[in-house]
Amino acid sequence: MTDKLLTPVKLGDLQLRNRIVMSPMTRTRASLSHVPSELMVEHYTQRADAGLIITECSMVSADASAFITDPGIFNDAQIAAWRKVTDAVHAKGGLIAMQIWHPGRATHPYNNDGVESVSSTDRAIRDDGINTLAGKQPQATPRRLRIDELPGIVAQFRKGAENAKRAGFDAVQIHGAHGYLLDQFLRDSVNDRKDEYGGSIANRARLLFEVVDAAIAVYGAGRVGLRISPLVAYNDVSDSDPVELVRYVAEQFEKRRGGFFELRHNQHSDPKELELAGIARNILTVPLLLNGGYTRESGEADVESGLADAIVYGKPYIANPDLVERFRLRAPLNEVDFSTLYAGGASGYTDYPRYEGKTHEHA
């Protein structure tokens, strides 16, 4: 019997060879000028047997760095470096999408040549601080974006999509999750605006879908994905009605016939997360991707039941470049070395071993 996870699936215009998707994960291996490194080429190529790779979030603007050595997609040097990644993944028969992103208030002027951070609000993130080029600092107070500035944000995302296309990416995913700029508009614990971009869920989602529509204009609907995380509190964000948020966003994405819709969970099996997944599934005929704490077995179960069309794996892909083969063989997984997640260099990035055991494929 063939595992459903290992069977082909169509995500919009993309024909995947399996339903195992590599999650976007920031790993801080780009240069200080946000140019992808040769190590990144190797890292992604090692994982090219995924049904689809979604890259780490990539900056759509020169003043949108949150992690110091995060990659960008706003200039020609970055496009050329990313082209090495896409060419190498395609040479292995893989598919790769770029996650395009603006961090909004989740950054600091010290990381962006003194440029003030921006948001839906003028309230800072409440946490223990942010790492900067000048060491750890308190979170910066953002500047509230004016309405007349928002078309410029949309234009940055559109240019990011155009550049991703030039770099050879098969699709783009809009990062509407994890308390970054689009999520700072989407969720009501942060968005305290009184204009047409605040208040109702339709207003709070307005910027998100202006960005989605801009990406669709570049790639076509079938090559544009969207990620949201209604219950993830990262970057000091929450929503008073996540059920309505998922319902509205899923309905709007469905109307656009987008390529794939990803729900990023804290833990997929949590009853509240299951409720949101069920709501999204009932609304969407476009492909639904679920992500959050999945094992091979639980991913197989949710694909087999029809709750998800594909499963997005994060931590397992950090330590297991051959994750698809390990799943096929029921082989044990390498453990993640969390001390090297953001350390830079090959250690904990490109040096995890492939499986060489004698486990036989499950009949």
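Here, every reference points to the structure presented above.
Structure report, in brief. (Residues numbered from 1 in each chain as written. Predicted model: local features only at pLDDT ≥ 70, side-chain atom pairs only at ≥ 80, totals over all residues. Heavy atoms only, no water.)

### Overview of the nonpolar core
When a protein is soluble and globular, its nonpolar side chains tend to lie buried together. Using the following cut-off: For the purposes of this section, nonpolar cores are sets of buried Ala, Val, Leu, Ile, Met, Phe, Trp, Tyr and Cys residues that join through side-chain atoms within 4.5 Å. Three labels apply to residues, based on accessible area from a 1.4 Å probe with only protein chains included: buried if under 20% of the type maximum, exposed if over 50%, partly exposed otherwise in between. Contacts are assigned to residue pairs that have any heavy atoms within 4.5 Å of one another.
With 87 residues, the main nonpolar core has Ile-174, Leu-226 and Phe-261 as its most contacted residues. Every residue in contact with Phe-261, bar those within four places of it in the chain, is listed here: Leu-226, Ile-228, Val-249, Ala-250, Phe-253, Ala-280, Leu-284, Pro-287, Leu-288 and Leu-289. In terms of nonpolar packing, the next biggest core, distinct from the first, is built from 14 residues, Leu-11, Val-21, Leu-289 and Ala-310 among them.

### Remarks on the pattern of salt bridges
Rule in force here: By definition, a salt bridge exists where a carboxyl oxygen of Asp or Glu is found within 4 Å of a side-chain nitrogen of Lys or Arg. Helix numbering and strand numbering both begin at the N terminus, where a helix is a DSSP run of H or I of at least 4 residues and a strand a DSSP run of E of at least 2.
The tally for this structure, following the rule as stated, stands at 28 salt bridges. Measuring nitrogen to oxygen at the nearest pair gives 3.3 Å for the salt bridge that ties Asp-122 to Arg-144. In this pair, Asp-122 sits in the loop between strand 7 (118–119) and strand 8 (130–132) while Arg-144 sits in strand 10 (residues 143–144), placing the two residues 22 residues apart along the sequence.

### Quick notes on the pairing of strand 15 (residues 310–313)
Where we set the bar: Pairing between two strands is assigned when DSSP locates at least 2 bridges connecting them. Here the term right-handed applies to a crossover when the path leading from its first strand over the helix to its second strand runs clockwise, the strands being oriented away from the viewer.
Of the two faces of strand 15, the one lined by Ala-310 and Val-312 and the one lined by Ile-311 and Tyr-313 are each fully buried. Looking at chain direction, strand 14 (residues 288–291) and strand 15 are connected through 3 bridges and run parallel. Across the sheet, the residue bridging to Leu-290 is Ile-311, located in strand 15. One crossover worth recording links strand 14 to the parallel strand 15 by way of helix 9 (residues 296–304), and it is right-handed.

### Looking at the packing of helix 3 (residues 150–166) against helix 6 (residues 206–219)
As a reminder, the rule being used: Between N-to-C directions, angles span 0 to 180 degrees; the directions come from axes that are lines fitted to C-alpha atoms, helices contributing only their stretch in contact. Put simply, a crossing is left-handed when the front helix is turned counterclockwise from the back one by less than a right angle, and right-handed when it is turned clockwise. Under the scheme applied here, ten amino acids are nonpolar (Ala, Val, Leu, Ile, Met, Phe, Trp, Tyr, Cys and Pro), four are charged (Asp, Glu, Lys and Arg), and all others, including Gly, are polar.
Helix 6 packs onto helix 3 with a crossing angle of 35 degrees between their chain directions and a minimal axis gap of 9 Å. Here helix 3 runs over helix 6; the crossing is right-handed. On helix 6, the residues touching Leu-150, Val-154, Phe-157, Arg-158, Ala-161, Glu-162, Ala-164 and Lys-165 of helix 3 are Leu-207, Glu-210, Val-211, Ala-214, Ala-215, Ala-217, Val-218 and Tyr-219. Its residues placed into classes, the contact of helix 3 with helix 6 shows 12 nonpolar, no polar and 4 charged.

### Some points on helix 9
What counts, and what does not: In the analysis that follows, any N or O atom pair within 3.5 Å is treated as a polar contact, provided that within protein one partner can donate a hydrogen and the other can accept it, and provided that, for residues neighboring in sequence, both atoms belong to side chains.
Every buried residue belonging to helix 9 is among Arg-296, Ser-298, Gly-299, Glu-300, Asp-302 and Val-303, and all of these are buried. Those residues of helix 9 hidden inside the fold are in contact with strand 14, strand 15 and helix 11 (323–329). In this structure Thr-295 caps helix 9, since a side-chain oxygen of it lies 3.3 Å from the backbone nitrogen of Glu-297. Just downstream of helix 9, Gly-306 is the residue with a positive phi angle, here 90 degrees.

### A word on the pairing of strand 14
Here strand 14 shows a buried face lined by Leu-288 and Leu-290 and a second buried face lined by Leu-289 and Asn-291. Handedness of the β-α-β unit built from strand 13 (residues 260–264), helix 8 (residues 271–283) and strand 14 comes out right-handed.

### Thoughts on unusual backbone geometry
Positive phi, normally seen in glycine, also occurs at Asn-235, with a value near 65 degrees. Looking at the secondary structure, you find Asn-235 in the loop between strand 12 (224–228) and helix 7 (242–255). The class for Asn-235 is buried, based on a relative accessible area of 12%. The phi angle at Arg-330 is positive, at roughly 55 degrees, despite the residue not being glycine. The residue Arg-330 is located in the segment after helix 11 in this model. Since its relative accessible area comes to 28%, Arg-330 is described here as partly exposed.

### As for the side chain of His-178
In this structure, His-178 sits in the loop between strand 11 (171–175) and helix 4 (181–186). Dropping the residues within four chain positions of it, His-178 is found in contact with Asp-183, Arg-187, Arg-227, Ser-229, Val-232, Tyr-234, Asn-235 and Arg-264.

### Focus on the packing of aromatic side chains
The criterion, for reference: Only the six-membered ring of Trp is used, alongside the rings of Phe and Tyr, when aromatic pairs are assigned; centres must lie within 6.5 Å, and planes under 30 degrees apart are stacked while those over 60 apart are edge-to-face, with the rest tilted.
In the structure shown here, the tally under the stated rule is 8 aromatic pairs. Ring centres 5.5 Å apart and planes at 70 degrees place the aromatic pair Trp-82 and Phe-169 in the edge-to-face group. One end of the pair, Trp-82, is in helix 2 (residues 76–91); the other, Phe-169, is in the loop between helix 3 and strand 11, and 87 residues separate them in sequence. Relative to Phe-261, the ring of Phe-253 has its centre 5.7 Å away and its plane inclined at 55 degrees; by these criteria the two rings are tilted.

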